[in-house]
Amino acid sequence: HAKAEGPGKWALFDTSMRDRVRDRVEIEFALRHALVKEQLHLVYQPIVELTGGRLVGAEALIRWDHPARGAVSPIDFISIAEDTGLIAEIGGWVLDESLRQFADWRSDGVVDDRFWLSVNVSPRQLRDPALPATLAEALRRYDLPAEVVVLEITESVMVDASVVTEEVLGGLRRMGVRVVVDDFGTGYSALGYLRRHPVTGVKIDRAFVDGLGGNSEDEEIVRAVVAMSSALRLSVVAEGVETPTQRQVLETLGVLYGQGRLWDGPVRPEVFAERWSGLAV
Ligand code: C2E
Ligand code: MG
Ligand code: MG
Ligand code: MG
């Protein structure tokens, strides 16, 4: 399009933009090999009860060790995986690998049987009608009850839910799998969406946790989310909790669970087992 407007317009395509496009193409290319080359791994971050700090669950988060670029953040490659369709393969691997680890922790007594594992699933994975069956098969393979598996979806999934996505979400819920809305409050969904879709909880985005203790607007937002969640019987987890003040304010506002560096960052499974083993009981 730029060319049709005259050669001068090429200047709009500046160096930084060109760099970004090249980066994206390079990442896309390398990502195709990341799985087979075993450059992907999962880290786990504990989710705790705000009162007392008892371990209640963990979230699996993907990491990519690129041979030249070093650690590539999921923020920089999940959207590319999503656009190219690579997320099907990567997301399938994440589910299988996290459930395998989870089953090991349960049988080794690292976690108790109420402990839940949260796994992020992208909008594209939720458009795959086979997702419930694939997950059911993995649960059977690792002998895990569906009730302790939590899938984290984005608000956009509820906003643009197609018939297929509705069926997938319904299928997952009928199996007993829990579904929570991640980064809640950052998207465009409203109360009505939470009622219309079969979700079991929300995760308050860390953008609203950040200001707690100083910003009264954030406090009012959290208060509203808690009130709404209690009316709809939804669970609430606050993400990105970093300070004792934030923890205190969240607890006062009635939030039960938290996740954040105040307790621990996302860590390798060996480290997780070492630090958190038995802390659920
Ligand atoms: P998310 O699901 O909202 O995950 C929480 C993010 O907050 C993680 O970033 C985590 O490392 C970070 N975090 C945790 N505690 C704190 C804290 O106290 N302070 C701050 N500032 N940040 C904290 P991460 O690991 O970089 O992941 C970024 C996003 O990438 C995730 O956000 C999720 O949307 C996506 N993602 C990660 N793993 C997967 C995956 O396996 N599949 C899919 N589809 N998406 C994934
Ligand atoms: Mg998440
Ligand atoms: Mg989140
Ligand atoms: Mg977030």
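Residues numbered from 1 in each chain as written. Chains lettered and ligands numbered in written order. Predicted model: local features only at pLDDT ≥ 70, side-chain atom pairs only at ≥ 80, totals over all residues. Heavy atoms only, no water.

The protein goes by Diguanylate cyclase (GGDEF)-like protein in an unreviewed UniProt entry, where it is assigned to Micromonospora pisi.

Participant: What is the right way to read the environment of S79 from this model?
Facilitator: You can see S79 is positioned in helix α2 (residues 74-84). Sequence separation between S79 and R69 is ten residues; the distance between their C-alpha atoms is 18 Å. (Helix = DSSP H or I, 4+ residues; strand = E, 2+ residues; numbered from the N terminus.)

Participant: I'm lost on the nonpolar core in this one. Help?
Facilitator: Across soluble globular proteins, nonpolar side chains show a tendency to be buried alongside one another. Core analysis: the biggest nonpolar cluster contains 78 residues, and L99, I153 and F272 have the highest contact counts within it. For this core, the leading source of residues is helix α3 (residues 87-107), giving eight residues. In this structure, F272 is in contact with Y44, Q45, P46, L55, A58, W105, V111, F115, V267 and S277, ignoring residues within four places of it in sequence. The next biggest cluster of nonpolar side chains, apart from the first, holds seven residues, and it includes I47, W116, V150 and Y257. (Core = buried A, V, L, I, M, F, W, Y, C linked by side-chain atoms within 4.5 Å. Buried < 20%, exposed > 50% of the residue type's maximum accessible area, 1.4 Å probe, protein only. Contact = heavy atoms within 4.5 Å.)

Participant: Can you walk me through empty space enclosed by the protein in this structure?
Facilitator: The rolling of a water-molecule-sized probe over the atoms marks out the regions of remaining empty space. Across all of its chains, the model carries one cavity of 30 Å³ or more by this definition. A volume near 30 Å³ is recorded for the largest cavity. Taken together, the elements giving at least two residues each to the lining of the largest cavity come down to α1 (15-34) and α3. Tallied by class, the residues present in the lining of the largest cavity amount to four nonpolar, no polar and two charged. (1 Å grid on protein atoms, 1.4 Å probe; cavity = no way out; pocket = protein on both sides within 12 Å on 5 of 7 lines; lining within 4 Å. Points joined across faces, edges and corners; volume = space filled by probe spheres on them. Nonpolar A, V, L, I, M, F, W, Y, C, P; charged D, E, K, R; others polar.)

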